[in-house]
Amino acid sequence: MSELADAIQIIRLTIDGVEIAMKLGSASLGTMQKAAKFLKGMLEYEQADLELLKNLIKQAKQKREKKT
């Protein structure tokens, strides 16, 4: 679960960075779009990892139930 917590922290820091850049007005619209794409990619990647983890746990439970 520490990987998930690390990913959440990275996403939060990225959002904070985007917010600061927007407030300062130094970032262009293109930069904001790239940051949004990056965040979307990170979220999709973490969601895929979470689904894989859920499936592995489910398979392990099924194997354990078959043995008993």
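To be clear, the structure that these remarks concern was listed above.
Residues numbered from 1 in each chain as written. Predicted model: local features only at pLDDT ≥ 70, side-chain atom pairs only at ≥ 80, totals over all residues. Heavy atoms only, no water.

(A) Structural view of the overall build of the protein. A tally of regular secondary structure across the protein gives two helices and zero strands. Here the C-alpha atoms of the protein give a radius of gyration of 18 Å, more than 25% beyond the 11 Å that 2.2 N^0.38 yields for 68 residues. Projected onto its principal axes, the C-alpha positions of the protein cover 65 × 20 × 10 Å. Evaluated residue by residue, the protein yields a buried proportion of 13% over its 68 residues. When the accessible surface of the protein is summed, it comes to about 6000 Å², and 60% of that surface belongs to carbon and sulfur atoms. One finds the centroid of the 12 positive side-chain charges in the protein at a distance of 7 Å from the centroid of its 9 negative side-chain charges. (Helix = DSSP H or I, 4+ residues; strand = E, 2+ residues; numbered from the N terminus. Rg over C-alpha atoms; globule rule 2.2 N^0.38 Å. Buried < 20%, exposed > 50% of the residue type's maximum accessible area, 1.4 Å probe, protein only. Areas by Shrake-Rupley, 256 points an atom, 1.4 Å probe, with all protein chains shown as cover. Lys, Arg positive; Asp, Glu negative; His and termini not counted. Charge placed at Lys NZ, Arg CZ, Asp CG, Glu CD.)

(B) The pattern of salt bridges, seen in detail. According to the stated counting rule, one finds two salt bridges in the structure shown. Across the pair K54 and E51 runs a salt bridge whose closest N-O atoms are separated by 4.0 Å. Highlighted residues: K54 and E51, both in helix 2 (residues 29-67), separated by three residues, approximately one helical turn. (Salt bridge = Lys/Arg side-chain N within 4 Å of Asp/Glu carboxyl O.)

(C) Up close: the environment of A36. Within the secondary structure layout, A36 lies in helix 2. Residues A36 and V18, 18 residues apart in the sequence, show an inter-C-alpha distance of 8.8 Å.

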